Amino acid sequence: MAEVKSVKIDGEIIHIFKSAIYVFEASSGFTLELDLIVSEVVVNKYKKEDHLIIEIELEDGRIIHSIMNVKVLAGGLPQLNLFCELDDADDYYFLDQVNENDSWFSNLEEGITIEEIRKVEMPDETINLKLKLPIDQVEWLKNQKKAQLNEMFKEFIYYHWKKIDQ
């Protein structure tokens, strides 16, 4: 089985936690498939794209360049499936070949957790809060810069989160 060393999407290297690369044989033809466990940030960045320029470096030094389609795979962890049709599967003799009737599929999620992924790359998400505060606090909040408020609330939440967990 070929091992993926690195992946670049549109020239940008992405952090991959686990991967599987193979040639998939279906009645309609052959496709090159790359399944990846990545961060939520990477999934959010590429989930609306149709085609991406992909560079895959394998552990043995081979490099595969291709324009690939992208699908977000459902599951507990953030996953991408990159794929493209192949004219000649023999060009990829060094990859495992999987038939649509085979039961072989590796469980990429085994041995990794969302907490481990978020230690590498934590996504940010926008939230709107409705608060009832004294007018002097409202005025003070309105005079603060957004970046300062974001940092202040992060620190406040982590501080109280740790305090409650003790």
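These notes cover the structure that comes with them.

Thresholds, definitions, all that
Residues numbered from 1 in each chain as written. Predicted model: local features only at pLDDT ≥ 70, side-chain atom pairs only at ≥ 80, totals over all residues. Heavy atoms only, no water. Salt bridge = Lys/Arg side-chain N within 4 Å of Asp/Glu carboxyl O. Helix = DSSP H or I, 4+ residues; strand = E, 2+ residues; numbered from the N terminus. Buried < 20%, exposed > 50% of the residue type's maximum accessible area, 1.4 Å probe, protein only. Pairing = 2+ DSSP bridges. Phe/Tyr/Trp six-rings, centres within 6.5 Å; stacked < 30°, edge-to-face > 60°. Lys NZ or Arg CZ within 6 Å of the ring centre and 35° of its normal.

**Describing the pattern of salt bridges**
Alright, step 1. Counting across every chain of the model gives 4 salt bridges.
Alright, step 2. For glutamate 57, the salt bridge identified is with lysine 5, shortest N-O distance 3.8 Å. Of this pair, glutamate 57 sits in strand β5 (residues 51-58) while lysine 5 sits in strand β1 (residues 4-9); the two residues are 52 residues apart in sequence, bridging distant segments of the chain.
Alright, step 3. Taking the relative accessible area as the measure of exposure, lysine 5 reaches 48% and is therefore partly exposed.
Alright, step 4. Two residues, lysine 45 and glutamate 12, come together in a salt bridge whose shortest N-O distance is 2.6 Å. Taken together, the positions of lysine 45 in helix α1 (residues 40-46) and glutamate 12 in strand β2 (residues 12-14) put the pair 33 residues apart, joining distant regions of the chain.
Alright, step 5. Exposure remark for glutamate 12: the relative accessible area of 40% places this residue in the partly exposed category.

**Considerations on the pairing of strand β6 (residues 63-73)**
Alright, step 1. By the bridge criterion, 7 bridges tie β5 to β6 in an arrangement that is antiparallel. Counted as the bridge partner of isoleucine 54 is serine 66 from β6.
Alright, step 2. In this structure, β6 lies alongside strand β7 (residues 79-86), joined through 5 bridges in antiparallel fashion. Bridge pairing links valine 70 to leucine 82 in β7.
Alright, step 3. Here β6 hands over to β7 after 5 residues, the two strands then running antiparallel side by side.

**Comments concerning the packing of aromatic side chains**
Alright, step 1. A complete count under the given rule lists 3 aromatic pairs for this structure.
Alright, step 2. For the pair tyrosine 93 and phenylalanine 94, a centre-to-centre distance of 5.3 Å together with 90° between the ring planes defines the contact as edge-to-face.
Alright, step 3. You can call tyrosine 93 exposed: its relative accessible area is 61%.
Alright, step 4. Note on tyrosine 158 and tryptophan 161: the rings are 5.7 Å apart at their centroids and 5° apart in plane angle, and the pair reads as stacked. You can see tyrosine 158 and its partner tryptophan 161 sitting in helix α4 (residues 146-165), 3 residues apart, about one turn around the helix.
Alright, step 5. The class of tyrosine 158 is partly exposed, set by a relative accessible area of 43%.
Alright, step 6. Residue classification places tryptophan 161 among the partly exposed positions, given a relative accessible area of 48%.
Alright, step 7. Through successive ring pairs, a cluster of aromatic residues spans Tyr92, Tyr93 and Phe94.
Alright, step 8. One Lys or Arg, arginine 62, reaches over the ring of phenylalanine 94 and ends 4.2 Å from the middle of that ring.
Alright, step 9. Of note, lysine 71 hangs over the ring of phenylalanine 83, and the distance from its end group to the ring centre comes to 5.3 Å.

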